[in-house]
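Observations on the model geometry
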Amino acid sequence: MSELYADVADLLARPGARATRRGRVPIDASSAAVRPTDDAVELDLTLEHVTDGIVVHGTVSGTWQGACSRCLEPVSGPLSVTVRELFEKEAVEGETFPITDDAIDLELPLRDAIVLDLPTVPLCRSDCAGLCPSCGVNRNEEQCTCTGEHADPRWDALDELRL
Ligand SMILES: [Zn+2]
Ligand SMILES: [Zn+2]
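Thoughts on the coordination of the zinc ion (ligand 2)
Coordination of the zinc ion (ligand 2) by the protein involves C132 (SG), C135 (SG), C144 (SG) and C146 (SG), with metal-donor separations of 2.2 to 2.3 Å. Bound by four donor atoms, the zinc ion (ligand 2) shows angles of 105 to 112 degrees at the metal and therefore tetrahedral coordination geometry. Read N to C, the donor residues that coordinate the zinc ion (ligand 2) are spaced as C-x2-C-x8-C-x1-C. One end of the pair, C132, is in the loop between α2 (107-117) and α3 (153-162); the other, C146, is in the loop between α2 and α3, with 14 residues separating them in the sequence. Taking the relative accessible area as the measure of exposure, C132 reaches 5% and is therefore buried. Among the residues examined, C146 registers a relative accessible area of 24% and is labelled partly exposed.

Shown next, in the form of structure tokens:
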């Protein structure tokens, strides 16, 4: 059973009761460009029995990794998301999450929160020069002489030789 699945029968039996959930859990929360490092995050959550159901609040943290959108070099950064979600027996679609058989599944709300926090266009640095579209060199590391049509002056020299 998923580590993100929590039995809340004890909490539901006692109004005002609280429980904590801490530790590293695996999660599949990749966006198009990046994903949590090792596909895992650190949870620090409190589960609390309130009038309407169970409120889960706290933080999800870790790091993300991916490839720079411009130069494709590996890039990583911090991940830190604040979570506050209500689980109830009669869940309202798009607003709250269900309590099913005295248990809640944290995976969906946590995955959504993580994916929203991940950068959609990760960059190794804000002024990354990217790859040359003509010759493919990493322009952060190398200067190429491509300028467009007559990309490389050496080819001009060859053209002259052919004449
Ligand atoms: Zn880059
Ligand atoms: Zn080039």
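After that view of the structure, there is still more to cover.
Section: the environment of G77
With respect to the element layout, G77 can be found in strand β6 (residues 74-88). Looking at G77, the relative accessible area reads 11%, which means it is buried. Between the C-alpha atom of G77 and that of G62, which follows or precedes it by 15 residues, the distance is 8.8 Å. Excluding residues within four positions of it along the chain, G77 makes contact with T63 and W64.

Considering the nonpolar core
Judged by nonpolar contacts, the single largest core of 33 residues is most densely connected at L47, I54, I104 and L110. Residue assignment for this core shows that the elements contributing at least two residues are β4 (40-50), β5 (53-67), β6 and α2. Other than its neighbours up to four places away in sequence, I104 contacts L4, Y5, A6, V8, L47, I54, V56, F87, P98 and I99.

Let's talk about the side chain of E48
Along the polypeptide, E48 turns up in strand β4. For E48, a relative accessible area of 19% puts it in the buried group. Those residues in contact with E48 that sit more than four places away from it in its chain are A17, R18, G53, I54, V55 and H57.

Quick word on the coordination of the zinc ion (ligand 1)
Coordination of the zinc ion (ligand 1) by the protein is provided by C68 (SG), C71 (SG), C124 (SG) and C128 (SG), with metal-donor distances spanning 2.2 to 2.3 Å. Relative to the metal, the four donor atoms surrounding the zinc ion (ligand 1) lie at angles of 103 to 115 degrees, and the coordination shape comes out tetrahedral. Taken in chain order, the donor set of the zinc ion (ligand 1) reads C-x2-C-x52-C-x3-C. On the criterion of sequence distance, the pair formed by C68 in the loop between β5 and β6 and C128 in the loop between α2 and α3 is long-range, its members being 60 residues apart. Judged by relative accessible area, C68 falls into the buried class, the value being 1%. Classification of C128 by relative accessible area gives buried; the value is 5%.

Remarks on the pairing of β5
As paired strands, strand β3 (residues 34-36) and β5 are joined by three bridges and run antiparallel to one another. Bridge pairing in β5 links R35 to Q65. In this sheet, β5 lies alongside β4 in antiparallel orientation, the contact comprising nine bridges. Bridge pairing in β5 places L47 opposite V56. In this structure, the hairpin formed by β5 and β6 is closed by a connection of six residues, where L72 is found at a positive phi of approximately 70 degrees.

About the cut-offs
- Residues numbered from 1 in each chain as written.
- Chains lettered and ligands numbered in written order.
- Predicted model: local features only at pLDDT ≥ 70, side-chain atom pairs only at ≥ 80, totals over all residues.
- Heavy atoms only, no water.
- Donors = N, O, S within 2.8 Å, 3.2 Å for Na, K, Ca; no water.
- Tetrahedral: all angles 85-135°; square planar, octahedral: opposite > 155°, others 65-115°.
- Helix = DSSP H or I, 4+ residues; strand = E, 2+ residues; numbered from the N terminus.
- Buried < 20%, exposed > 50% of the residue type's maximum accessible area, 1.4 Å probe, protein only.
- Contact = heavy atoms within 4.5 Å.
- Core = buried A, V, L, I, M, F, W, Y, C linked by side-chain atoms within 4.5 Å.
- Pairing = 2+ DSSP bridges.

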